[in-house]
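What follows is each chain in one-letter form.
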Amino acid sequence: MNVSILEPGEIAYSGPMKILVIEDDREGAEYLEKALAEAGHTAHVARDGETGFALADSGDYDVMIIDRMLPRRDGLSVIAGLRSRGNTTPVLILSALGEVDDRVTGLRAGGDDYLTKPYAFSELLARIEVLNRRTASRETETVYRIGDLELDRLSHMVRRGALDITLQPREFRLLEYLMRHAGQVVTRTMLLENVWDYHFDPQTNVIDVHISRLRSKIEKGFSSPILHTVRGAGYMLKAG
C-alpha cells in the first residue's frame, strides 16, 4: 500500500462526511476506512465495481472515492453509469495511472478530482473536503453565473449581459439544471430524470425541442455560444 501515514494533529477537517470507498486492494481499503474514521467521517467500503455501483446508486453519500482499476466493473464505468442516472455526488478518482491523458480521461468520465497513487492521506482528505464544501455551497446558491449569463432561483429572473430573458417554466428548470452542472456533460437521461421526472425514454424529441428553444433565447444576439452539444454524449453549458 502506497500512502503516507498522517501524524497526530496534522488533520484539520470540516463537518463529518458519509463517504463511499470503492477500492479492491484490501490493505488500501482498510487503511482508508480507518483513517477516515479517525478524521471523524463514516466510510463504507466496496471491493468491486458492481457492488460499489449498487451502494452508490442506493445510498446518500457526501463524497465517493473510486479506484480506477476494479474487478467486475472498472471505476470509470461506475462513474459514467452513476452520472447517466443523475447521481451528482462528487467523485475523487484514485489511480496508479498518472499521465495527463489518464487524468483527462478520468475527469471527462465524470470524476471531479483525480489523485495519483502513491498519495499522502493529508492530501486526499483535503481534496474530499474541498469537493464536499463545493457541493454544499452550490446547493445553497440562489444565483448562478456562467460567464455573462445569470439565473436567479428565487426571483426566476434570467439575464445575459444587459438583456433580460423570459423563459417558460420548463425552460427555466432546464437552464437551472444545466447551470448547476456547468462545465460537465449532461446526458439526455440526466435531463429526462431531473428536468422532466421521466425514468424512461419517451422516444420523443422533447429534449431537442427545448434545448433548441433555450439556445435561441440565451444565445440570440450574442457572438459567443454558451450551450454546447457534445456529440454522442449530451450537452454542456460553458462560457468562452
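Cut-offs applied
Residues numbered from 1 in each chain as written. Predicted model: local features only at pLDDT ≥ 70, side-chain atom pairs only at ≥ 80, totals over all residues. Heavy atoms only, no water. Domains from an automatic or database assignment. Contact = heavy atoms within 4.5 Å. Salt bridge = Lys/Arg side-chain N within 4 Å of Asp/Glu carboxyl O. Polar contact = N/O pair within 3.5 Å; in protein donor to acceptor, adjacent residues only side chain to side chain. Axes fitted to C-alpha atoms, helices over the stretch in contact; angles between N-to-C directions. Helix = DSSP H or I, 4+ residues; strand = E, 2+ residues; numbered from the N terminus. Parallel < 35°, antiparallel > 145°, perpendicular 65-115°, else oblique. Left-handed = near helix turned anticlockwise from the far one by under 90°. Buried < 20%, exposed > 50% of the residue type's maximum accessible area, 1.4 Å probe, protein only.

**Section: the domain arrangement of the protein chain**
The parts lose accessible area when they come together, and the size of an interface is often stated as this lost area.
And then number 1: Examined at the domain level, the protein chain breaks down into domain 1 (18-131) and domain 2 (138-237).
And then number 2: Between domain 1 and domain 2, the C-alpha centre-to-centre distance is 28 Å.
And then number 3: Taken together, the contacts link six residues of domain 1 with eight residues of domain 2.
And then number 4: Taken together, the links from domain 1 to domain 2 amount to zero salt bridges.
And then number 5: Seen at the junction of domain 1 and domain 2, the total is zero residue pairs in polar contact (both at pLDDT 80 or more).

**Notes on the packing of helix 2 (residues 49-58) against helix 3 (residues 75-84)**
And then number 1: Remark: helix 2 packs on helix 3, axes separated minimally by 10 Å, with the N-to-C direction vectors making an angle of 25°. By the angle between their axes, helix 2 is roughly parallel relative to helix 3. For the element pair helix 2 and helix 3, the recorded crossing hand is right-handed. Residues Gly49, Phe53, Ala56 and Asp57 of helix 2 lie in contact with helix 3, whose contacting residues are Val78, Gly81 and Leu82.

**Quick look at the pattern of salt bridges**
And then number 1: Throughout the structure, instances matching the rule amount to 12 salt bridges.
And then number 2: Salt-bridge contacts for Glu176 lead to Arg153; the nearest nitrogen and oxygen are separated by 3.0 Å. Of this pair, Glu176 sits in helix 6 (residues 169-180) while Arg153 is found in the loop between strand 9 (149-152) and strand 10 (157-160), placing the two residues 23 residues apart along the sequence.
And then number 3: Among the residues examined, Glu176 registers a relative accessible area of 15% and is labelled buried.

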